[in-house]
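In case you want the letters, here they are:
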Amino acid sequence: MMKHTKYFLILAVGLAFTFSCKQAPTDKQLIQGLKNDVVYLAADELAGRAIGTAGEEKAAQYLAIEFEKAGLEPKGTEGFLQPFTVSKPTNPHEEAVIGTDGEGVTGRNVVGFIDNQSDHTIVIGAHFDHLGMGGQGSLHRGDSAIHNGADDNASGTAALVALAKILKFEKHNSNFLFIAFSGEENGLWGSNYFVKNPTIDLETVNFMINMDMVGRLNEEKTLAINGVGTSPSFVPALDLANADSLKLVTSESGVGPSDHTSFYLQDLPVLHFFTGQHEDYHKPSDDAELINYDGLLLVVKYIDRLIDQLDQEPKLAFTKTKDSSGDSPRFTVSLGVVPDYLFDGQGMRIDGVSEDKPAQAAGLMKGDVIVQLGDSTVVDMMSYMRALSAFAKGDEATLVYERDGAKTEAKVKF
């Protein structure tokens, strides 16, 4: 744990570079700010920022101060904070109740506003909570340990603060609402609460941008953007904003395991930014020194340019995406692999293999590309899920995968 104590010393030294609200920040100041924010949020002293813990509350207070330093107006219900309480049901088949009354776990969103005297508002969000000491959702095998969540999602939270600093000095046609959500890891609790108890009129919201795990931009500079089908205005603007030759991998769906889903379900256009899965995901090893800070700045600047493009248009039209009606494949078995969500070739590329699962037993490895499962050809993530949905526990199937340009068959038992 001592390795993270030094981060607070670095943070103190970094105050010399702290953003001043009197002038627009330079790239050097933005990089320093991104590092300061990730280092603070992902330090052992915050113990993984699980909702309802002292670490989560410290993180919220820190972000409230950063919002104020960036020149944002408070837009929570208690200054910058919007507390909410989640009552966990005794019946496992019932959903948690999210509100402000009763006993349960208390979290807090952090909400700030730039008022440009507009009828439209762009929402920019990221979740700041993580898994605490592990438990449900952790992929760590062994004794409980602090899950620092530097990429997931201190990186997105730091990007949120950086965008607030940038947008404060740019002229735009829209207002901006910045929200750092809590309780995302437990089931989108904070964003769910916000859209049902908004601190602005949701009718004024133009679109929502969500940044979740944007700290590991790879050498190919691959940036995944989900939700591009939720407005016809999105796709034409993506390439126009791409001044840094990022490799953009897009998907249409407005539904996913992050906070943009809460806004999409309110019939609002959404975009979700993501730099890819990695072996430290939901493990104690997701630490601040592994973040690609130069890459994180590229993501921030891309989003800033994209906002410039989209803000030139009238209020964006909303369109539902194909999987929003509940017709996504449902499956009861798993291969035990982590898909590579940045892969844009034919098939489903594996980004990680879990221990003691069917894929490991069949000899599959990271980098293998599944091209057939049973009788079904696999060309992308959706076709892979459809193929998987045909099987039940105890079934056996032939799987075809590509490795180093060669196709190989393997038998899997679910």
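The structure displayed is predicted, hence computed values, not measured ones.

Peer 1: When you look at the confidence of the model for the chain in this model, what are you seeing that I'm missing?
Peer 2: The predicted coordinates of low-pLDDT regions are not to be read in fine detail. Per-residue confidence for the chain gives a mean pLDDT of 90, with 91% of residues at or over 70. Ignoring residues within four places in sequence, the model shows residues 1–20, a span with pLDDT below 50, making 34 contacts including any to other chains.

Peer 1: For this particular structure, what's the right way to read the pattern of salt bridges?
Peer 2: Oppositely charged side chains can pair when the atoms bearing their charge come close. A full pass over the atoms with the stated rule returns 10 salt bridges. In this structure, Asp27 and Lys301 form a salt bridge, with 2.9 Å as the shortest nitrogen-oxygen distance. Highlighted residues: Asp27 in helix 2 (residues 27–41) and Lys301 in helix 8 (residues 293–310), separated in sequence by 274 residues. For Asp27, a relative accessible area of 39% translates into the label partly exposed. Its salt-bridge partner being Asp340, residue Arg349 comes within 2.7 Å of it at the nearest N-O pair. With a relative accessible area of 12%, Asp340 lands in the buried category.

Peer 1: Would you mind going over the nonpolar core with me for this structure?
Peer 2: A general trend in soluble globular proteins is that nonpolar side chains are found buried together. In terms of nonpolar packing, the biggest core is built from 67 residues, with Val110, Ile124, Phe178, Phe273 and Tyr302 touching the most fellow members. For this core, the element with the most residues is helix 4 (residues 150–167), which contributes 11 residues. Phe178 has contacts with Phe67, Leu72, Val110, Val111, Gly112, Ile114, Ile124, Leu160, Leu163, Ala164 and Leu167, leaving out every residue within four places of it along the chain.

Peer 1: Could you clarify how one ought to interpret helix 10 (residues 381–388) in this entry?
Peer 2: Residue pairs spaced three or four apart in an α-helix point in one direction, given the helix's 3.6 residues per turn. For helix 10, the full list of buried residues reads Ser383, Tyr384, Ala387 and Leu388. On an axial view of helix 10, the arc spanned by its buried residues comes to 140 degrees, and they lie on one face. Here the buried face of helix 10 lies against strand 11 (337–339), strand 12 (348–353), strand 13 (369–373) and strand 14 (376–377). Between a side-chain oxygen at the N-terminus of helix 10 and the backbone nitrogen of Ser383 the separation is 2.9 Å; the capping residue is Asp380.

Peer 1: Before we go on, may I ask you to explain the side chain of Asp212 in this structure?
Peer 2: For Asp212, the position within the fold is in the loop between strand 7 (205–211) and strand 8 (222–226). Among buried Asp, Glu, Lys and Arg side chains, Asp212 stands out as unpaired, with Arg49 the closest opposite charge at 8.8 Å. Among the polar contacts made by the side chain of Asp212, one reaches the side chain of Ser258 at a distance of 2.7 Å. Excluding residues that lie within four positions of it along the chain, Asp212 makes contacts with His127, Asp152, Asn153, Glu184, Ser258, His272, Phe273 and Phe274.

Peer 1: Help me understand the pairing of strand 16 (residues 406–413), please; the structure alone is not making it clear to me.
Peer 2: Successive residues of a regular strand alternate their side chains across the two faces of the sheet. Across eight bridges, the pairing between strand 15 (residues 396–403) and strand 16 is antiparallel. Considered in strand 16, the bridge of Arg403 is made with Ala406. Here strand 15 folds back onto strand 16, and the loop between the two strands holds two residues, one of which, Asp404, carries a positive phi near 55 degrees.

Peer 1: Is there a simple way to explain the environment of Ser334 in this structure?
Peer 2: Residue position: Ser334 is located in the loop between helix 8 and strand 11. Between the C-alpha atom of Ser334 and that of Gly295, which follows or precedes it by 39 residues, the distance is 33 Å. In terms of polar contacts, Ser334 uses its side chain to reach the backbone amide nitrogen of Gly336, at 3.0 Å.

The rules behind the values
- Residues numbered from 1 in each chain as written.
- Predicted model: local features only at pLDDT ≥ 70, side-chain atom pairs only at ≥ 80, totals over all residues.
- Heavy atoms only, no water.
- pLDDT = per-residue confidence, 0-100.
- Contact = heavy atoms within 4.5 Å.
- Salt bridge = Lys/Arg side-chain N within 4 Å of Asp/Glu carboxyl O.
- Helix = DSSP H or I, 4+ residues; strand = E, 2+ residues; numbered from the N terminus.
- Buried < 20%, exposed > 50% of the residue type's maximum accessible area, 1.4 Å probe, protein only.
- Core = buried A, V, L, I, M, F, W, Y, C linked by side-chain atoms within 4.5 Å.
- Arc of directions from axis to C-beta.
- Polar contact = N/O pair within 3.5 Å; in protein donor to acceptor, adjacent residues only side chain to side chain.
- Lys, Arg positive; Asp, Glu negative; His and termini not counted.
- Pairing = 2+ DSSP bridges.

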